[in-house]
Amino acid sequence: MNMITNAQKFRSIFLMIFIVGLLFSLCAYDKAFAQQGSFIVHIPFTGIEMGTEDEVYIDVSFRNPTNTEMEVKLDLERDPKAKNWDVKFVSSQWGGFGVNRVRLDAGSGSENNENKEVNIKLHIKPGDNARPGNYRFVVKASGGGAMREYPIYVYLKGGKVAVNTGAGKLIELESKYPVLEGAAGQPISFEIKVNNNSDKDTVVDFVTVAPSGWNSYITPRWETDKRVNSIKISANSSETLNFTVVPPIEAEKGEYPLEFHAKVGNSDTKLNLKVKVEGTYKLQIAPETRRLNFDMVAGKESQQIFYVWNEGSAPIENISFLVTSKPEDWEITFKPDKLGVLEPLAKTEKPETIQITFKAPERTIPGDYQVVLTAAGDQDKRTIELRATVKVPTTWGWIGVGVIVVVIALLFGIFAKLKRR
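Residues numbered from 1 in each chain as written. Predicted model: local features only at pLDDT ≥ 70, side-chain atom pairs only at ≥ 80, totals over all residues. Heavy atoms only, no water.

A. Main features of the packing of aromatic side chains. Under the counting rule described, the total for this entry stands at nine aromatic pairs. Ring geometry for Phe 294 and Phe 358: centres 4.7 Å apart, planes at 45°, overall tilted. Residue Phe 294 is located in strand E20 (residues 293-297), and its partner Phe 358 is located in strand E25 (residues 352-359); the two are separated by 64 residues in the primary sequence. The exposure class assigned to Phe 294 is buried, which follows from its relative accessible area of 8%. Ring pairing ties together the aromatic residues Phe 190, Phe 206, Phe 243 and Phe 260, which thus form one cluster. Positioned above the aromatic ring of Tyr 135, the side-chain terminus of Lys 81 is 5.0 Å from the ring centre. (Phe/Tyr/Trp six-rings, centres within 6.5 Å; stacked < 30°, edge-to-face > 60°. Helix = DSSP H or I, 4+ residues; strand = E, 2+ residues; numbered from the N terminus. Buried < 20%, exposed > 50% of the residue type's maximum accessible area, 1.4 Å probe, protein only. Lys NZ or Arg CZ within 6 Å of the ring centre and 35° of its normal.)

Here it is, written out as structure tokens:
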């Protein structure tokens, strides 16, 4: 009985030791497996066509999917035929020096994983007297017990192949808001970021294309009082500029295309922009005589001609004519009393004509009176003050003369009678 019990104990202890050993083996295998798959390298373009006068920047990204941070060492195997070529890893954030190591934060299980993915660039520039043909470069990365190799093939052609019309060009232009809206006659500013992707300081010249009659200029971002046509940008860095346009006051409502060019040597990078002009509205009304006073006779109609026009660049709609202020019992009428649409004067080349009729009561005391009129549309309105000088009718004048004659005759009669006495 004791022998059976001891045998059972021995088997139990052996089984426990076996299980523990198996767990340690699995952990070690899992660690070795994690190290073998410790980081991921992605190079989207491994075959490049370029000219002997070109230089390219190839994106290389590293990602850490493990729960421990690591450092990746970089190396580059160059083609023996490319000894005098400028080939090196550079940062996508700053220039001046090459990159030979990359630190990756833990991809998971860590709060500080901001740099779990890092992007750099492989800069390739053919050396002097480089011959056209095929070249092979190998990107080597090692870290966390893993080693990666990625060949990159370059097919070199003579002269210059790069056109600088797409992503990856040496000079890149960016605008967060490529379409802006504004009023005619007012400045409209685009904020444009100019990226210098080369490994050397570069002077960039700027050319702008705007509609005829528009004013345009370029200023540094924080120095709006300075106007520039070119700027020096440090290697692998950027500058932000303001591109300002001013549509003329007579610009019609609509969309207008613009172009912003950055030139370095024979290369030309273009950024297409657009302005939506809202238009301006400036309603005007004035007498035909250009005088703000007129004469009229009490009890009789006085017809005055007025001109109405739009000095803005966009149509004014639904214009009505109103009497804002007038003397009591006066009659004022408009013909017509409304205008449906008033186009800009620059388009019509002539104003609209309206007739305003004024009539004061017959017993109005002669003198000056103020009248205030308003022309109001959906987009703008204009008020005008007039002075009306009221005179008595001619018939009353003759009656007054007759009364004076009668009075004088009576006075002569009285004097004659008194003299005889």
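Let us keep going from here.
B. Structural detail: the sheet that holds strand E11 (residues 179-182). Spatial ordering of the open sheet is given by E11-E18-E17-E13-E15, a layout of five strands whose pairing is mixed. This sheet does not close on itself; its edge strands, each paired only once, are E11 and strand E15 (230-233). Across the sheet, the mean angle from the axis of one strand to that of its neighbour is 30°, orientation sign disregarded. Both strand E13 (residues 202-209) and E15 contribute to a ladder of four bridges, which runs antiparallel. Bridge pairing in E15 places Asp 205 opposite Ser 230. (Pairing = 2+ DSSP bridges. Axes fitted to C-alpha atoms, helices over the stretch in contact; angles between N-to-C directions.)

C. Structural view of the side chain of Gln 304. With respect to the secondary-structure elements, Gln 304 resides in strand E21 (residues 301-310). Separated by 3.0 Å, the side chains of Gln 304 and Ser 302 make a polar contact. (Polar contact = N/O pair within 3.5 Å; in protein donor to acceptor, adjacent residues only side chain to side chain.)

D. A look at a nonpolar patch on the surface. Taken together, the side chains of Val 403, Val 407, Leu 411, Ile 414 and Phe 415 make up a nonpolar region of the molecular surface, amounting to roughly 470 Å² of accessible area. The residue Leu 411 is located in helix H3 (residues 394-420) in this model. (Patch = residues over 30% accessible without salt bridge, like charges linked within 9 Å, V, L, I, M, F, W, Y side chains within 5 Å. Areas by Shrake-Rupley, 256 points an atom, 1.4 Å probe, with all protein chains shown as cover. Salt bridge = Lys/Arg side-chain N within 4 Å of Asp/Glu carboxyl O.)

E. The arrangement of the nonpolar core in detail. Core analysis: the largest hydrophobic core is formed by 32 residues, its most contacted members being Phe 62, Leu 74, Trp 85, Leu 122 and Ile 124. Secondary structure elements with two or more residues in this core: strand E2 (47-51), strand E3 (56-63), strand E4 (70-77), strand E5 (86-91), strand E6 (101-104), strand E7 (117-125), strand E8 (133-143) and strand E9 (146-157). For Ile 124, the contacting residues outside a window of four places in its chain are Met 50, Glu 55, Val 56, Ile 58, Trp 85, Asp 86, Val 87 and Val 154. Core analysis: the second largest hydrophobic core is formed by 27 residues, Ala 184, Val 194, Leu 258 and Leu 273 among them. (Core = buried A, V, L, I, M, F, W, Y, C linked by side-chain atoms within 4.5 Å. Contact = heavy atoms within 4.5 Å.)

F. Looking closely at the side chain of Asn 196. On the secondary structure map, Asn 196 appears in strand E12 (residues 188-196). For Asn 196, the side chain forms a polar contact with the main-chain oxygen of Ile 233, separated by 3.2 Å. Those residues within four positions of Asn 196 in sequence are excluded, and the remaining contacts are Leu 170, Ile 171, Asp 201, Thr 202, Ile 233, Ser 234, Ala 235, Asn 236 and Ser 237.

G. Representation of the pattern of salt bridges in the model. Following the criterion strictly, the structure yields 15 salt bridges and no others. The shortest N-O distance in the salt bridge between Glu 71 and Arg 101 comes to 3.0 Å. Of the two residues, Glu 71 sits in strand E4 while Arg 101 sits in strand E6, which places them 30 residues apart along the sequence. Judged by its relative accessible area of 45%, Glu 71 falls in the partly exposed class. Note that Asp 368 is salt-bridged to Arg 387, the shortest N-O span being 3.8 Å. Of this pair, Asp 368 sits in strand E26 (residues 367-376) while Arg 387 sits in strand E27 (residues 381-391), placing them 19 residues apart in sequence. What emerges from the salt-bridge pattern is a single network uniting Glu 69, Arg 103 and Asp 105.

H. Representation of the pairing of strand E17 (residues 254-264). Note: E13 against E17, five bridges, orientation antiparallel. Along E17, the bridge assignment pairs Asp 205 with Lys 263. Across eleven bridges, the pairing between E17 and strand E18 (residues 267-277) is antiparallel. The partner of Tyr 256 across the bridge, within E18, is Val 275. What sits between the antiparallel neighbours E17 and E18 is a turn of two residues, in which Gly 265 has the positive phi angle 65°.

I. Summary view of the environment of Leu 180. Structurally, Leu 180 is set in strand E11. Measuring from C-alpha to C-alpha, the distance between Leu 180 and Lys 274 comes to 6.6 Å, with 94 residues separating the pair along the chain. Dropping the residues within four chain positions of it, Leu 180 is found in contact with Ile 188, Ser 189, Phe 190, Lys 274, Val 275 and Lys 276.

J. Geometry of the sheet that holds strand E10 (residues 171-175). On the basis of which strands lie adjacent, the open sheet formed by four strands has the order E10-E12-E16-E14 and antiparallel pairing. Each edge of the open sheet carries a strand with a single partner, namely E10 and strand E14 (215-220). Within the sheet, the average angular offset between the axes of one strand and its neighbour, ignoring direction, is 30°.

K. Fine view of the confidence of the model for the chain. In this model, the chain carries a mean pLDDT of 81, and residues with pLDDT of at least 70 account for 81%. Contacts for the low-pLDDT stretch residues 22-36, under 50 throughout, to residues beyond four places or in other chains number seven contacts. In the predicted structure, residues 163-168 sits below a pLDDT of 50 and forms six contacts with residues beyond four places in sequence or in another chain. (pLDDT = per-residue confidence, 0-100.)

L. Looking closely at the environment of Asp 105. Considering the arrangement of structural elements, one finds Asp 105 in the loop between E6 and E7. The exposure class of Asp 105 is buried, given its relative accessible area of 1%. In the structure, Asp 105 is positioned twelve residues away from Glu 117 in sequence and 7.8 Å away in space, judged by C-alpha atoms.

M. Up close: the pairing of strand E19 (residues 283-287). Of all five residues that make up E19, five are buried, and the element is covered over most of its length. Because side chains alternate across E19, one face comprises the buried residues Leu 283, Ile 285 and Pro 287, and the other comprises Gln 284 and Ala 286, equally buried. Pairing analysis gives five bridges linking E19 to E21, with the strands arranged antiparallel. What sits directly across from Ala 286, in E21, is Tyr 307.

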